[in-house]
Amino acid sequence: MVLALPADCGVDPQSFHGTFPPAVFDANVVRRPVTASAAREFEESEMIAPPARMTAVRGPALTFTGDPFRDGLDATMVHEPDAIVAMADGKIAHFGPAGRITPLLPAGTEVVDYGRDALISAGFIDTHVHYPQTPMIASHGAQLLDWLNKYTFPTELKFADKAHARAVARLFLQENLRNGITTSCVYCTVHPQSVDALFEEAERLGLRLAAGKVLMDRNAPAALLDTAQSGYDESQALIAKWHGRGRLLYAITPRFAVTSTPAQLAAAGALWQQHSDCLLQTHLAESRREVALIKELFPDQQSYLDVYDHHGLCDARAIFGHGIWLDEPEMQRLHASGASIAHCPTSNFFLGSGAFDLARAIRTDRPVRVGLGTDIGAGTSFSILATLGAAYKASQLNGHSLSAGHAYYLGTRGSARAMYLDDRIGSLAAGMEADLVVLDMRSTPLIDFRMNEAGTFAEQLFVQMTLGDDRAVQATYVAGRPAYVRKTDANRSP
Ligand code: GUN
Ligand code: ZN
């Protein structure tokens with residue numbers, strides 16, 4: 001099969017003028033005692049270092065101490081109505097009720113009080129996203145394989161130009177921060193310079209981020225193909241340059257078995273064996289047509305997952321995008337291997353791929369690790385709140401009602417666990433990296449109005465994930481530093 005390339009479906013690179021906005025404090029935030037503004041504007045070229053002195057935020061907080069799918073919400077969800085998160089050297093120094101933490105703060109510690117209508121959480125985590133597809137989000141009328149041909153490949157061709165890649169990477173990371181996403185696992189394009197551009201921008205912002213060069217040696221336009229050897233060599237060089245540098249991690253990234261020959265999958269397996277602390281990301285069983293095509297391309301393999309497994313690509317730290325159309329032996333194998341699924345509900349609805357059955361995936365007798373993904377540009381929103389709302393609907397279509405508490409776990413600690421990073425990110429606790437999102441629980445007139453009727457905390461959370469979006473993100477902290485602060489006040493009703 002050849003995925004043919006239409007003449008021109010791309011986006012003018014001149015239309016990108018990505019510049020990162022300086023962090024600016026919301027005028028309504030009360031600081032006590034006020035010292036120098038923690039929202040110092042930063043230069044474009046400046047590398048962001050975590051503040052050495054202690055700073056703190058105060059407000060209602062939500063976090064998880066374990067897996068609520070396994071142990072229940074009562075045992076794992078912590079909702080603290082008046083909490084302090086104290087941060088120093090990029091880590092959380094203290095977390096707990098304000099009454100307990102206040103005496104622990106050194107004299108003069110700046111405490112930013114977000115008030116009782118806020119919610120402080122660990123930063124959101126996106127376990128599956130394509131930054132080069134930012135320019136083609138909301139492209140009409142095709143399902144997966146045709147959509148790749150018609151929109152994706154022409155868009156990705158432009159990333160041969162590093163200046164274009166950098167401009168898109170900046171806009172992408174800015175959107176992430178505007179949506180409270182502090183870590184993501186990112187597909188670049190086949191071009192090594194597309195990886196350099198993203199990592200350079202992420203490093204400048206001090207982000208914890210995983211990414212990799214797409215490996216693709218068949219069934220795509222010639223200008224987007226590498227070979228088993230060149231893809232291996234280029235990935236080796238990128239791993240040497242970026243993996244473990246600061247907060248950055250490398251993800252070995254064969255796009256999917258449709259666009260990689262067995263030789264390339266084997267090369268990816270060999271590479272992962274040499275660098276087993278890297279992540280591995282690819283797509284798996286997203287659409288029924290794709291599954292049928294895999295059967296044709298790999299007649300000797302028992303299943304789609306078996307294609308990857310056969311080449312040494314199914315193990316802990318593998319993140320398989322989608323996994324909608326998996327049979328029971330494949331689920332068993334994912335469980336046994338410790339590999340993860342990235343659940344990308346807005347993408348699955350947009351492409352008409354299907355409704356992922358989360359309850360089946362996390363079945364307690366053989367739970368599979370599941371994280372949440374926006375899957376931009378098949379996904380339709382950078383908002384993790386909107387993505388959780390879509391996850392609720394995907395579960396509804398499978399006869400289960402995902403609870404709000406379980407959903408927020410999925411967007412934070414659950415996704416950290418899917419990336420094998422839950423010892424560092426995804427929850428509020430002393431020693432964890434200080435990546436936070438501060439939500440405004442009354443971010444629009446409708447939400448404000450609806451919140452007046454929301455009796456329980458669970459109901460309040462559910463309102464946010466059903467009606468909320470980027471407007472609900474009041475601030476995003478990266479390694480203890482405010483990297484984004486919403487400029488305008490909420491659209492409150494009078
Ligand atoms: N399968 C292979 N490549 C892609 C991609 O870029 N997006 C999605 N949603 N599925 C894929
Ligand atoms: Zn994807």
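Only a predicted model underlies this, so the values are computations on that prediction, with no experimental measurement involved.

A. Up close: the overall build of the protein chain. In terms of helices and strands, the protein chain carries 18 helices and 18 strands. In the protein chain, which comprises 494 residues, the share counted as buried stands at 55%. Put simply, 76% of the contacts in the protein chain that link residues at least 6 apart link residues at least 24 apart.

B. Up close: the packing of helix H5 (residues 162-178) against helix H6 (residues 192-205). One way to put it is that H5 packs onto H6 with a least axis distance of 8 Å and a crossing angle of 40 degrees. Classified by the interaxial angle, the pair formed by H5 and H6 is oblique. Read as a crossing pair, H5 and H6 show a hand that is right-handed. Residues Lys 162, Ala 165, Arg 166, Ala 169, Arg 170 and Leu 173 of H5 touch H6, and the partners they reach there are Gln 193, Ser 194, Ala 197, Leu 198, Glu 201, Ala 202 and Leu 205. Residues that form the contact of H5 with H6 fall into these classes: seven nonpolar, two polar and four charged.

C. View of helix H7 (residues 228-242). The first and last C-alpha atoms of H7 sit 21 Å apart over 15 residues, in line with the 21 Å expected at 1.5 Å per residue. Listed as buried for H7 are Gly 231, Tyr 232, Ser 235, Leu 238, Ile 239 and Trp 242. All buried residues of H7 fall inside an arc of 130 degrees around its axis, so they share one side. Counted as exposed and oriented over 90 degrees from the buried face of H7: Gln 229 and Ala 240. Lining the buried residues of H7 we find H6, strand E10 (214-215), strand E11 (248-254) and helix H8 (262-274). Following H7 by one or two positions, Gly 244 adopts a phi angle in the positive range, close to 80 degrees.

D. Highlighting the site of ligand 1. Around ligand 1, the structure places His 130, Leu 144, Leu 148, Thr 152, Arg 255, Phe 256, His 283, Glu 286, Ser 347, Asp 375 and Ala 378. When residues of the shell around ligand 1 are assigned to their parent elements, the largest contribution, three residues, is made by helix H4 (residues 144-157). When the residues that make up the shell around ligand 1 are grouped by side-chain class, the tally is four nonpolar, four polar and three charged.

E. Fine view of unusual backbone geometry. Residue Ile 376 is joined to Gly 377 through a cis peptide bond whose omega torsion reads 0 degrees. Mapped onto the fold, Gly 377 is located in the loop between strand E15 (369-372) and helix H14 (384-397). One non-glycine residue, Asn 219, lies in positive phi territory at about 55 degrees. With respect to the helices and strands, the residue Asn 219 is situated in the loop between E10 and H7. Residue Asn 219 is classed as buried on the basis of its 21 C-beta neighbours within 10 Å. With a phi angle near 85 degrees, His 322 is a residue other than glycine that sits in the positive phi range. Residue placement: His 322 occurs in strand E13 (residues 318-322).

F. Up close: helix H18 (residues 457-467). Inspection of H18 places Gln 460, Leu 461, Phe 462, Gln 464 and Met 465 among the buried residues, and these make up the whole buried set. Next to the buried residues of H18 lie H14, helix H15 (404-411), strand E16 (436-440) and helix H17 (445-451).

G. Spatial organisation of the environment of Val 463. Along the chain, Val 463 falls in helix H18. Spatially, the C-alpha atoms of Val 463 and Arg 442 are 9.9 Å apart, while their sequence positions differ by 21 residues. Excluding its chain neighbours within four sequence positions, the residues that come into contact with Val 463 are Ile 447, Arg 450, Met 451 and Ala 454.

H. Fine view of the pairing of strand E9 (residues 209-212). Burial along E9 is two-sided: the face carrying Leu 209 and Ala 211 and the face carrying Ala 210 and Gly 212 are both buried. Here three bridges tie strand E8 (residues 181-187) to E9, and the two strands are oriented parallel to one another. Each residue of the ladder has a partner; that of Cys 185, found in E9, is Ala 210. Following the chain from E8 across H6 to the adjacent parallel E9, one finds a crossover that is right-handed.

I. Expanded view of the packing of H7 against H8. At a closest axis distance of 9 Å, the pairing of H7 and H8 adopts a crossing angle of 25 degrees. Taken together, H7 and H8 sit at an angle that is classed as roughly parallel. Here H7 and H8 pass one another in a crossing that is right-handed. Residue-level inspection shows Ala 228, Gly 231, Tyr 232, Ser 235 and Gln 236 of H7 in contact with H8, the latter providing Ala 263, Gln 264, Ala 267 and Leu 271. Each residue belonging to the contact of H7 with H8 can be placed in one class, and the counts come to five nonpolar, four polar and no charged.

J. Focus on the nonpolar core. Grouped together as the largest cluster of nonpolar side chains are 152 residues, with contacts concentrated most on Val 85, Ile 120, Val 186, Leu 198, Ala 210, Ala 251 and Ala 391. It is H14 that provides the largest number of residues to this core, a total of eight residues. Split by domain, the residues of this core number at least three in each of domain 1 (36-123 + 427-485) and domain 2 (124-418). If we skip the residues at most four places from it in the chain, Val 85 touches Ala 56, Val 57, Ala 61, Ile 92, Phe 95, Ile 120, Leu 428 and Leu 436.

K. Structural detail: the confidence of the model for the protein chain. Residue-level pLDDT values for the protein chain average 91, and 89% of them are 70 or greater. When the criterion is pLDDT under 50, residues 1-45 qualifies, and its contacts beyond four places in sequence or with other chains add up to 77 contacts.

L. Region of interest: the environment of Phe 462. Within the secondary structure, Phe 462 is located in helix H18. Sequence separation of Phe 462 and Ser 403 is 59 residues, and the distance between their C-alpha atoms is 7.8 Å.

M. Quick look at the environment of Leu 279. Locating Leu 279 in the fold gives a position in strand E12 (residues 279-284). In this structure, the C-alpha to C-alpha distance between Leu 279 and Ala 210, residues 69 residues apart in sequence, is 7.8 Å. Among residues more than four places away in sequence, those in contact with Leu 279 are Cys 185, Ala 210, Leu 249, Ala 251, Arg 317, Ile 319 and Met 419.

About the cut-offs
Residues numbered from 1 in each chain as written. Chains lettered and ligands numbered in written order. Predicted model: local features only at pLDDT ≥ 70, side-chain atom pairs only at ≥ 80, totals over all residues. Helix = DSSP H or I, 4+ residues; strand = E, 2+ residues; numbered from the N terminus. Buried ≥ 20, exposed ≤ 12 C-beta atoms within 10 Å, placed from the backbone. Contact = placed C-beta atoms within 7 Å. Axes fitted to C-alpha atoms, helices over the stretch in contact; angles between N-to-C directions. Parallel < 35°, antiparallel > 145°, perpendicular 65-115°, else oblique. Left-handed = near helix turned anticlockwise from the far one by under 90°. Nonpolar A, V, L, I, M, F, W, Y, C, P; charged D, E, K, R; others polar. Expected span 1.5 Å × (residues − 1). Arc of directions from axis to C-beta. Near = placed C-beta within 6 Å. Pairing = 2+ DSSP bridges. Right-handed = clockwise from strand over helix to strand, strands pointing away. Core = buried A, V, L, I, M, F, W, Y, C linked by C-beta atoms within 7 Å. Domains from an automatic or database assignment. pLDDT = per-residue confidence, 0-100.

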